[in-house]
Amino acid sequence: MADLDQFRSETRAWLEANCPPEMRKPAEGEDDVYWGGRNATFKNDAQRAWFEACRDKGYTVPAWPREYGGAGLSPAEAKVLREEMARIGARPPLSSFGIWMLGPALLHFGTEGQKRHFLNQIARGEIRWCQGYSEPGSGSDLVSLQTFGEDKGDHWIVNGQKIWTSYADKADWIFCLVRTDKANKYQGITFMLYDMDTAGVSTKPIKLISGNSPFCETFFDDVKVPKSYGEDIPAYVGEINRGWDVAKYLLGHEREMISGADSSERGAGIGATLSRQAGGVDPVLRAELAMFDVDALAFSAMGEKFLDEVKVGKAHPAQPNMMKYAGTELNKRRHELMMAAGGSTALEWDSAETRGGAAPRNWLRTKANSIEGGTSEVMLGVIAKRILELPGA
Amino acid sequence: MPLYHTDDQAMLAETAQQFMAEEGAIAKQLRHWRDRDCKDGFGHGLWKQMAEMGFTGLLVPETDGGLGMGHVEAGIVLEEIGRNLTPSPFLTSSVMAATALAVASDEARGRWLPGLVAGESVFAVAIDEGPKHRPETIATRAERSGNGFRLSGTKDFVVYGASADMIVVAARTSGADDDADGVTLFAVPKDAAGLGHNSVRLVDSSMASHLTLDGVELDGDAVIGEVDGGRDVLNRVLDAGRVGAAAEGVGVARGAMDLTVDYLKQRKQFGRLIGEFQALQHRAAHLYSEIEIARAATTKAQQLLDADAPSASLMASVAKAKASRTAGLAVREGVQMHGGIGMTDEYDIGLYMKRDRALAEFMGDAFYHADRVARLSGY
Ligand SMILES: Cc1cc2nc3c(=O)[nH]c(=O)nc-3n(C[C@H](O)[C@H](O)[C@H](O)COP(=O)(O)OP(=O)(O)OC[C@H]3O[C@@H](n4cnc5c(N)ncnc54)[C@H](O)[C@@H]3O)c2cc1C
Ligand SMILES: Cc1cc2nc3c(=O)[nH]c(=O)nc-3n(C[C@H](O)[C@H](O)[C@H](O)COP(=O)(O)OP(=O)(O)OC[C@H]3O[C@@H](n4cnc5c(N)ncnc54)[C@H](O)[C@@H]3O)c2cc1C
């Protein structure tokens with residue numbers, strides 16, 4: 001306990017010295033976030049300073065072991081760091097699919113060589129990753145995917161198409177589900193890692209309702225993927241043809257992340273701020289805000305409980321699905337109410353005063369929360385079958 | 001503090017679960033007493049058994065003969081009470097009245113607490129003065145008289161009031177009806193002259209009193225806490241009641257959901273188990289999520305209350321509002337998914353719906369508490 005108290009005061013002092021004031025407020029939309037990668041640019045000096053300080057301390061991935069680029073914090077210490085960062089409103093120094101998704105999968109399934117090689121790159125923000133799961137015909141029914149890798153001995157030749165690949169045009173590498181055995185639905189998929197600069201990989205951005213184009217169609221045209229990048233560094237995670245196990249494990253983490261269980265923002269009430277900003281709200285809206293705050297504060301307690309239970313292995317393995325469902329539906333409601341309280345100002349699409357229309361763009365972006373990483377309907381199906389054990393169709 | 005139960009609490013939960021499922025079961029308690037038109041609405045035998053288990057004195061300090069535990073532990077028992085719809089004065093006696101008596105004089109504690117711990121006394125709490133929970137307004141008057149007080153006024157929704165050996169009454173010793181100050185709590189013994197009950201059976205088969213205080217004469221030592229300064233204690237009693245009712249509500253929700261999910265796994269229509277229909281699966285899964293969240297909010301409120309944290313009041317209202325909404329959803333979905341059979345008295349699911357309705361009003365409904373969340377948040 002005394003050790004933790006000391007850790008807390010050290011952390012507080014470190015944050016005080018290293019977290020610039022500009023980094024102590026929420027990011028203004030997706031392009032105000034640092035994603036790392038080979039072609040990364042910083043939006044401003046504060047963003048760079050904050051990232052570099054965290055990278056050097058291992059705080060981009062505080063709970064990962066030191067030899068893989070983390071700070072090796074215990075779960076209790078990591079919680080203290082999270083609390084102290086939340087206390088001053090510090091943003092994450094680095095946003096990264098490598099941290100949220102690939103990293104946990106490598107920590108669980110990777111070889112020692114893969115961990116040393118890839119995890120360090122991820123922790124240091126050197127390589128930006130994208131996720132090649134969905135295909136035009138395979139969304140919720142992901143396992144029906146068709147992208148095919150033909151076995152050529154020491155390499156595969158990959159052909160096919162992915163869709164909704166977030167930031168594919170900005171990513172350096174892709175973690176990609178590729179069918180390597182056509183006869184076997186579940187046990188015929190390999191989880192491959194390869195460079196987006198490989199010949200035959202091309203991307204085409206898709207414009208979203210928010211006006212942004214954060215994701216792409218991704219095409220693979222005779223892409224040559226080697227089976228290994230060096231001693232003990234296979235180009236696939238887990239076993240060949242057993243990539244579905246890795247994909248499912250990763251989806252668990254993705255859902256946890258999207259649920260926002262870990263974010264203080266998701267659980268906070270909004271009624272006080274919104275009615276102040278709007279100069280008061282009418283009674284029916286106030287009532288909705290109050291009901292929302294009840295749900296948000298209750299969800300916040302659930303998020304805390306969930307993380308506590310995960311830490312000691314008490315959570316049901318399918319519980320991330322419940323968190324994803326509840327957290328994303330709540331976030332959509334939050335932004336509906338923010339639009340309602342904002343009135344006509346929240347409609348402004350690109351004025352300076354509205355920071356480039358952050359409110360309407362964010363509102364539109366949240367609609368994807370209950371689609372990406374598995375839809376709400378799919379989550380409910382998983383809860384019904386795996387937790388309530390209702391009979392399958 | 002982690003939001004799951006410690007090993008000791010998990011053990012208590014197991015004990016309470018087993019005890020309530022056996023001794024507090026619907027057939028053995030709720031239906032039994034209801035079908036006999038029992039004037040108490042609960043069984044004194046069970047109350048005695050609960051004392052033997054140590055439940056009655058959970059929140060009573062060890063120096064007063066209790067177990068000196070907290071709201072988390074009381075909530076564990078209440079959740080099982082809710083799951084089994086066990087009629088019991090536990091919430092009013094062992095949670096609310098015990099919270100009030102914690103600040104009472106040595107003499108008052110010595111007079112009342114041993115009976116509670118032994119399961120020989122039951123207590124009620126009289127706060128509301130109308131059909132809705134409005135504890136901000138207290139019109140019942142207590143005027144000084146001799147070395148004591150004279151109480152006049154009426155109280156409503158005094159749960160198990162006519163069966164209680166002592167009723168904690170909130171009355172006004174000074175100021176206007178809406179004032180925060182000027183409130184005093186009194187321990188009113190059942191045989192006090194001028195105390196009258198119009199006891200009525202509620203929709204859930206429990207009994208509640210319309211209480212009349214017609215110049216009830218009390219000694220000075222009937223005062224609990226400070227004269228005129230009772231609002232803080234009252235708020236503590238209310239928060240304890242809210243969080244307790246939330247825990248019981250979570251239990252009601254879980255009981256209703258368990259029955260319903262079991263039914264979905266048994267009933268066949270169109271040649272299939274109805275649990276195979278996605279329309280019902282998704283609603284059941286949504287209900288599960290809501291119950292988990294309500295439960296987490298309730299545990300959080302219990303912990304904050306035990307820690308005497310400043311945010312306990314806000315979280316108490318969050319818990320009561322969330323639990324009420326969730327239990328309401330659980331019983332409505334439960335009856336609907338049972339189809340026609342859910343409308344019959346023979347099946348238990350309807351009993352859950354009735355209990356939920358009474359519990360929803362007890363200590364303030366979801367509307368009251370959402371409003372309170374807004375007020376405490378400054379809007
Ligand atoms: C912003 C955003 C970012 C994304 N990023 C990525 C990414 O980086 N990489 C990647 O691979 N993918 C990504 N996705 C894709 C995402 O994972 C898919 O959109 C998602 O899995 C749903 O698939 P779909 O769009 O094909 O919808 P469909 O599967 O066609 O579903 C359409 C509708 O039918 C419902 N439905 C489908 N099946 C069932 C069923 N069995 N029961 C009940 N209802 C059902 C769905 O819930 C939905 O409402 C992203 C999506 C979005 C919106
Ligand atoms: C007060 C009352 C009066 C009545 N009076 C009469 C009368 O005079 N004469 C008479 O003949 N009948 C009468 N009924 C019976 C009534 O018509 C049936 O209760 C009704 O048709 C539903 O059938 P069930 O009760 O068997 O429910 P079930 O069919 O067992 O349904 C249980 C649940 O499963 C759901 N469910 C079933 N199949 C599906 C599906 N394919 N997809 C999704 N959900 C499904 C139902 O919606 C319901 O929620 C009465 C019922 C009541 C409650």
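Residues numbered from 1 in each chain as written. Chains lettered and ligands numbered in written order. Predicted model: local features only at pLDDT ≥ 70, side-chain atom pairs only at ≥ 80, totals over all residues. Heavy atoms only, no water.

Looking at an unreviewed UniProt entry, one finds chain B named Acyl-CoA dehydrogenase and attributed to Tsuneonella aeria. Regarding chain B, the relevant UniProt record gives this comment under Sequence similarities (unreviewed entry): "Belongs to the acyl-CoA dehydrogenase family." Note on chain B: under the UniProt heading Cofactor (unreviewed entry), the record states "FAD". (UniProt positions renumbered as here; feature names shortened; annotations may be inferred.)

The name recorded for chain A in an unreviewed UniProt entry is Acyl-CoA dehydrogenase, from Tsuneonella aeria. Chain A has a UniProt comment under Sequence similarities (unreviewed entry) that states "Belongs to the acyl-CoA dehydrogenase family." UniProt's Cofactor (unreviewed entry) comment on chain A is quoted here verbatim: "FAD".

J.: Quick one: what's the story with the pattern of salt bridges, residue by residue and with numbers?
T.: Residues and elements named next belong to chain A. Taken as a whole and judged by the stated rule, the model has 57 salt bridges over all chains. Between Glu-84 and Arg-12 there is a salt bridge; the shortest N-O distance is 2.9 Å. Here Glu-84 is found in helix α3 (residues 75-88), whereas its partner Arg-12 is found in helix α1 (residues 2-18), with 72 residues between them in sequence. Glu-84 gets classed as buried once you look at its relative accessible area, which sits at 1%. (Salt bridge = Lys/Arg side-chain N within 4 Å of Asp/Glu carboxyl O. Helix = DSSP H or I, 4+ residues; strand = E, 2+ residues; numbered from the N terminus. Buried < 20%, exposed > 50% of the residue type's maximum accessible area, 1.4 Å probe, protein only.)

J.: Can you tell me about the domain arrangement of chain A, naming the residues and giving the values?
T.: Residue and element names in this part refer to chain A. We note that the domain assignment places domain 1 (2-95), domain 2 (129-243) and domain 3 (260-387) within chain A. Of note, the centres of domain 1 and domain 2, computed from C-alpha atoms alone, are 31 Å apart. The interface is formed by five residues belonging to domain 1 together with six residues belonging to domain 2. Both faces considered, domain 1 and domain 2 share a buried interface measuring about 440 Å² in area, 29% of it formed by carbon and sulfur atoms. Our count for the domain 1 to domain 2 interface comes out at three salt bridges. (Domains from an automatic or database assignment. Contact = heavy atoms within 4.5 Å. Buried area = accessible area lost by both parts, 1.4 Å probe.)

J.: Tell me about the UniProt feature "domain: Acyl-CoA oxidase/dehydrogenase middle" (unreviewed entry) in chain B, residues and numbers included.
T.: If you check UniProt for "domain: Acyl-CoA oxidase/dehydrogenase middle" (unreviewed entry), the listed places come out as residues 138-201 of chain B in our numbering. With 0% helix and 59% strand, the stretch residues 138-201 of chain B has end C-alpha atoms that lie 25 Å from each other.

J.: Outline helix α10 (residues 319-342) of chain A, supporting the account with residue identities and numerical values.
T.: All names here are of chain A. Its 24 residues place the ends of α10 34 Å apart at the C-alpha level, agreeing with the 34 Å of an ideal helix rising 1.5 Å per residue. Of all 24 residues in α10, 18 are buried; the element is thus mostly enclosed. Positioned one or two residues after α10, Gly-343 has a phi angle of 65°, which is positive. (Expected span 1.5 Å × (residues − 1).)

J.: Please give an account of the pairing of strand β7 (residues 215-226) of chain A that cites residues and values.
T.: All names here are of chain A. Inspection of the sheet shows strand β3 (residues 155-166) paired to β7 by nine bridges, in the antiparallel sense. In the strand pairing of β7, Val-158 is matched with Val-223. As judged from the six bridges shared by strand β6 (residues 201-206) and β7, these two strands associate in the antiparallel manner. What sits directly across from Val-201, in β7, is Phe-220. (Pairing = 2+ DSSP bridges.)

J.: Tell me what's going on with the site of ligand 2, and back it up with residues and numbers.
T.: All names here are of chain B. Around ligand 2, the surrounding shell consists of Arg-267, Gln-269, Phe-270, Ile-274, Phe-277, Leu-280, Gln-336, Met-337, Gly-339, Gly-340 and Met-343. Between Gln-269 and ligand 2, the recorded distance is 2.8 Å, taken from a side-chain N or O atom to an oxygen atom. Protein contact buries 42% of the 970 Å² of open area that ligand 2 shows by itself. Residue classes in the shell around ligand 2 are distributed as six nonpolar, four polar and one charged. (Near = heavy atom within 4 Å. Polar contact = N/O pair within 3.5 Å; in protein donor to acceptor, adjacent residues only side chain to side chain. Areas by Shrake-Rupley, 256 points an atom, 1.4 Å probe, with all protein chains shown as cover. Nonpolar A, V, L, I, M, F, W, Y, C, P; charged D, E, K, R; others polar.)

J.: Quick one: what's the story with the interface of chain A and chain B, residue by residue and with numbers?
T.: At the junction of the two partners, chain A supplies 38 residues and chain B supplies 41 residues. Buried surface at the junction of chain A and chain B, both sides included, amounts to about 3400 Å², of which 67% is carbon and sulfur. Among the residues of chain A in contact with chain B, Arg-286, Met-291 and Leu-388 of chain A are the three that bury the most area, contributing 17% of the side total. Counting across the interface, chain A meets chain B through three salt bridges. Residue Arg-286 of chain A is joined to Asp-371 of chain B by a salt bridge in which the shortest nitrogen-to-oxygen separation is 2.9 Å. If you tally residues by element for the side of chain A that touches chain B, the top one is helix α9 (residues 283-311) of chain A, at 16 residues.

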